[in-house]
Amino acid sequence: MPRSPVALIIALSATLFAAFALNSGSSLQSSLLALRASAEGFSPVYTGIIMASYYIGFVAGIVWGASLVNRVGHIRTFAALASAGSAITLLHAVYVDPLTWSLFRAMTGLCLSGLYLVVESWLNAQSDNTSRGSTIAIYMTVSLGGLAIGQLLLNMSPISSFELFTVASVLLSLSLVPLALTRQPPPSAVSGERMTFRRLYKISPLGFVAASGAGVLSGAIYGVGPVFAAELGLSTQNVAYFMFFVILGGMVMQFPIGKLSDIVPRQYVMIVVLLGLAVCGLIPLVIPDVIKDNLTLWGGITGVFIMPIYGLAVAYVNDYLEPEDIVPASGGLLIIYGGSAAAGPLLGSSAIGYFGPWALPFLFSVIGILVAGFAIYRAGFGRRISLEEQGQFVAVPRTTPMAFELSSITDEVPDESADGSTKDSSQETDEVSDLLTPDGTAHPDDYGHVAVDEDDESAKPEAK
């Protein structure tokens, strides 16, 4: 019998507390460093490098974390990385230098990536087939709640003081307590398998591009969003509220938008969201004074359009995958997302430095238009997936591939092919190269929609 939500939360309370503390501490540290860098007089480019370094470390953690966990175990990995992350947080206040902070920020990203891997492995081990859907929903809520609360903690003390670094360090340290004292046996070995970028692009060009765009957008809003608000004259308190509502907007609307994509073709929902972001980014250029006076509201609306893009991209890619390929694909997509997110603070800070704060919303608009344009292009040339073929949207944190192990989508097996016939299970996803046209430009989405050289019998698909 499935456990009730209350019973499930109680059973997972130790792991969920660790996740909440991690997200609160990392969220506070991110905005604190962005504001403190600006207050210390660092150039916008240096601020961008500092904030981008986090994602470089985070990607390294995705690549390296599984081997570390399997070598020394979950608890020792968590203890080592939480202790290191806590110490590095305090060192930011001791060595105030842009290059040193960049190094510290990369090390923080590496530590947090490994910590999330342990937390999600533990949640997966504590869940069964009847509670996995509820577990991922609760974990997602706790994670976003921690990110939002972390922003409000900026109001506890002046950003020039040592106290906020201490609070962030304490939160990372506290995340260690419940897992260090747990009596539950550690999870099994963690898989480090990842799908190659080339294969991911062949499976879904749109999913690949959308995940990249989502990374740039998230890196920009988290990395230089506080600087953008401060440049407009907002106090630290109002900067905290601005970032809080950005996260809250995405938190509230991510699931409804995802569910809409289950009943409306996902590609079209993605296009609408991207075009909505483009409009949202252009409005400040038309009525800057109105937006400045209502920046918190605008931030919440912007979050509504930014946060769901990655989830929609992942769900769209999953529609083309076999269940056993979903977790490896998520590892590849997370690396794409993290690598692109490293570019977000660099682009955002450079835009603000050269053109002023309103260049950040314009950057959002440009990315929204570019990715939406590619999605519209793919809608004309890509393979049409019916609503029956679409998998279920599941909102998952952008942390590690283990988050996908928690979701039930890895158990779902598509029943039908694009033409409504029973899908041949012998045609594995790794055989997508067989569907390429002679010039190598076709894609599984284009199957049945591309011109084939009539003289090349080997390039023609078999009749079904």
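No experiment lies behind these values; they were computed from the predicted model shown. (Residues numbered from 1 in each chain as written. Predicted model: local features only at pLDDT ≥ 70, side-chain atom pairs only at ≥ 80, totals over all residues. Heavy atoms only, no water.)

### A few points about the overall build of the chain
Okay, step 1: In terms of regular secondary structure, the chain is built from 18 helices and 0 strands.
Okay, step 2: Here the chain holds 464 residues, and the buried ones make up 56% of them.
Okay, step 3: Within the chain, contacts between residues separated by at least 24 positions form 84% of all contacts whose residues are at least 6 apart in sequence. (Helix = DSSP H or I, 4+ residues; strand = E, 2+ residues; numbered from the N terminus. Buried < 20%, exposed > 50% of the residue type's maximum accessible area, 1.4 Å probe, protein only. Contact = heavy atoms within 4.5 Å.)

### A word on the environment of Cys111
Okay, step 1: Tracing the chain through its elements places Cys111 in helix α5 (residues 98–126).
Okay, step 2: Note: C-alpha distance between Cys111 and Thr77 (34 residues apart in sequence) is 9.5 Å.
Okay, step 3: Not counting residues within four places of it along the chain, the set of residues in contact with Cys111 comprises Leu81, Ala84, Gly85 and Ile88.

### Some thoughts on the nonpolar core
Okay, step 1: Membership of the largest hydrophobic core comes to 127 residues, with the highest contact counts inside it found for Phe78, Val119, Phe228 and Leu295.
Okay, step 2: It is helix α10 (residues 205–231) that provides the largest number of residues to this core, a total of 14 residues.
Okay, step 3: Each residue touching Leu295, except ones within four places of it in the same chain, is listed here: Phe228, Ala229, Leu232, Leu234 and Phe242. (Core = buried A, V, L, I, M, F, W, Y, C linked by side-chain atoms within 4.5 Å.)

### Re the packing of helix α11 (residues 236–263) against helix α12 (residues 266–286)
Okay, step 1: As a packed pair, α11 and α12 sit with axes 7 Å apart at the nearest point and diverge in direction by 140 degrees. Between α11 and α12, the angle falls in the class oblique. Mapping the contact onto sequence places Ile257, Gly258, Leu260, Ser261 and Asp262 in α11 and Arg266, Val269 and Val273 in α12.
Okay, step 2: Of the residues that constitute the contact of α11 with α12, the class distribution is 4 nonpolar, 2 polar and 2 charged. (Axes fitted to C-alpha atoms, helices over the stretch in contact; angles between N-to-C directions. Parallel < 35°, antiparallel > 145°, perpendicular 65-115°, else oblique. Nonpolar A, V, L, I, M, F, W, Y, C, P; charged D, E, K, R; others polar.)

### Describing a nonpolar patch on the surface
Okay, step 1: Taken together, Val279, Leu282, Ile283, Leu285, Val286, Ile287, Val290, Phe362, Val366, Ile369 and Leu370 make up a surface patch of nonpolar side chains, about 930 Å² in accessible area.
Okay, step 2: Secondary-structure elements contributing two or more residues to the nonpolar patch are α12 and α17 (359–381).
Okay, step 3: It is α12 that provides the largest number of residues to the nonpolar patch, a total of 5 residues.
Okay, step 4: Mapped onto the elements of the fold, Val279 is located in helix α12. (Patch = residues over 30% accessible without salt bridge, like charges linked within 9 Å, V, L, I, M, F, W, Y side chains within 5 Å. Areas by Shrake-Rupley, 256 points an atom, 1.4 Å probe, with all protein chains shown as cover. Salt bridge = Lys/Arg side-chain N within 4 Å of Asp/Glu carboxyl O.)

### Re the environment of Phe228
Okay, step 1: By secondary structure assignment, the location of Phe228 is in helix α10.
Okay, step 2: For Phe228, a relative accessible area of 1% translates into the label buried.
Okay, step 3: Spatially, the C-alpha atom of Phe228 lies 7.9 Å from that of Trp358, the residues being 130 residues apart in sequence.
Okay, step 4: If we skip the residues at most four places from it in the chain, Phe228 touches Phe242, Leu295, Trp298, Ile352, Pro357, Trp358, Leu360 and Pro361.

### Some points on the side chain of Ser261
Okay, step 1: With respect to the helices and strands, Ser261 occurs in helix α11.
Okay, step 2: A distance of 2.9 Å separates a polar atom in the side chain of Ser261 from a polar atom in the side chain of Arg266. (Polar contact = N/O pair within 3.5 Å; in protein donor to acceptor, adjacent residues only side chain to side chain.)

### As for the packing of aromatic side chains
Okay, step 1: Under the defined criterion, the tally for this structure stands at 14 aromatic pairs.
Okay, step 2: Ring geometry for Phe42 versus Trp101: centroids 5.6 Å apart, planes at 75 degrees, classification edge-to-face. On the criterion of sequence distance, the pair formed by Phe42 in the loop between α2 (13–39) and α3 (44–72) and Trp101 in helix α5 is long-range, its members being 59 residues apart.
Okay, step 3: Note on Phe42: relative accessible area 15%, which makes it buried.
Okay, step 4: The exposure class of Trp101 is buried, given its relative accessible area of 0%.
Okay, step 5: Relative to Tyr337, the ring of Tyr310 lies with its centre 4.7 Å away and its plane at 50 degrees, an arrangement referred to as tilted. Taken together, the residues span a long stretch of sequence, with Tyr310 in helix α15 (residues 308–318) and Tyr337 in helix α16 (residues 326–355) at a distance of 27 residues. (Phe/Tyr/Trp six-rings, centres within 6.5 Å; stacked < 30°, edge-to-face > 60°.)

### Quick word on the environment of Ala84
Okay, step 1: Looking at the element boundaries, Ala84 is found in helix α4 (residues 74–94).
Okay, step 2: Residues Ala84 and Cys111, spaced 27 residues apart in sequence, show a C-alpha to C-alpha distance of 7.3 Å.

### Remarks on the pattern of salt bridges
Okay, step 1: By the definition in use, this model includes 5 salt bridges.
Okay, step 2: The salt bridge involving Asp325 is made with Arg199; its shortest N-O contact spans 3.5 Å. One end of the pair, Asp325, is in the loop between α15 and α16; the other, Arg199, is in helix α9 (residues 197–203), with 126 residues separating them in the sequence.
Okay, step 3: The class of Arg199 is partly exposed, set by a relative accessible area of 22%.

### Details of the side chain of Ser157
Okay, step 1: If you trace the backbone, Ser157 turns up in the loop between α6 (132–152) and α7 (163–174).
Okay, step 2: You can call Ser157 buried: its relative accessible area is 15%.
Okay, step 3: Looking at Ser157, its side chain comes within polar contact range of the side chain of Ser161, at 2.8 Å.
Okay, step 4: Those residues in contact with Ser157 that lie beyond four places of it in its chain are Glu163 and Leu164.

### A few points about α7
Okay, step 1: With 12 residues, α7 should cover 16 Å at 1.5 Å per step; its first-to-last C-alpha distance of 16 Å lies within 8% of that length.
Okay, step 2: Within α7 the residues assigned to the buried category are Leu164, Phe165, Ala168, Ser169, Leu171 and Leu172. The buried side chains of α7 occupy one side of the element, clustering within an arc of 160 degrees when seen end-on.
Okay, step 3: Lining the buried residues of α7 we find α2, α4, α5 and α8 (176–180). (Expected span 1.5 Å × (residues − 1). Arc of directions from axis to C-beta.)

### Some thoughts on the packing of α4 against α5
Okay, step 1: Between α4 and α5, the least distance of the axes is 9 Å, while the angle of their chain directions is 150 degrees. Between α4 and α5, the angle falls in the class roughly antiparallel. Note that α4 runs across α5; the crossing there is left-handed. Residues His74, Ile75, Thr77, Phe78, Leu81, Ala82, Ala84, Gly85, Ile88, Leu91 and His92 of α4 form the contact with α5, whose own contacting residues are Trp101, Phe104, Arg105, Met107, Thr108, Cys111, Gly114, Leu115, Val118, Val119, Ser121 and Trp122.
Okay, step 2: A breakdown of the residues in the contact of α4 with α5 according to their chemical character gives 15 nonpolar, 7 polar and 1 charged. (Left-handed = near helix turned anticlockwise from the far one by under 90°.)

### Some details on the confidence of the model for the chain
Okay, step 1: Residues at a pLDDT of 70 or more form 81% of the chain, whose mean pLDDT is 82.
Okay, step 2: Contacts for the low-pLDDT stretch residues 412–464, under 50 throughout, to residues beyond four places or in other chains number 82 contacts. (pLDDT = per-residue confidence, 0-100.)

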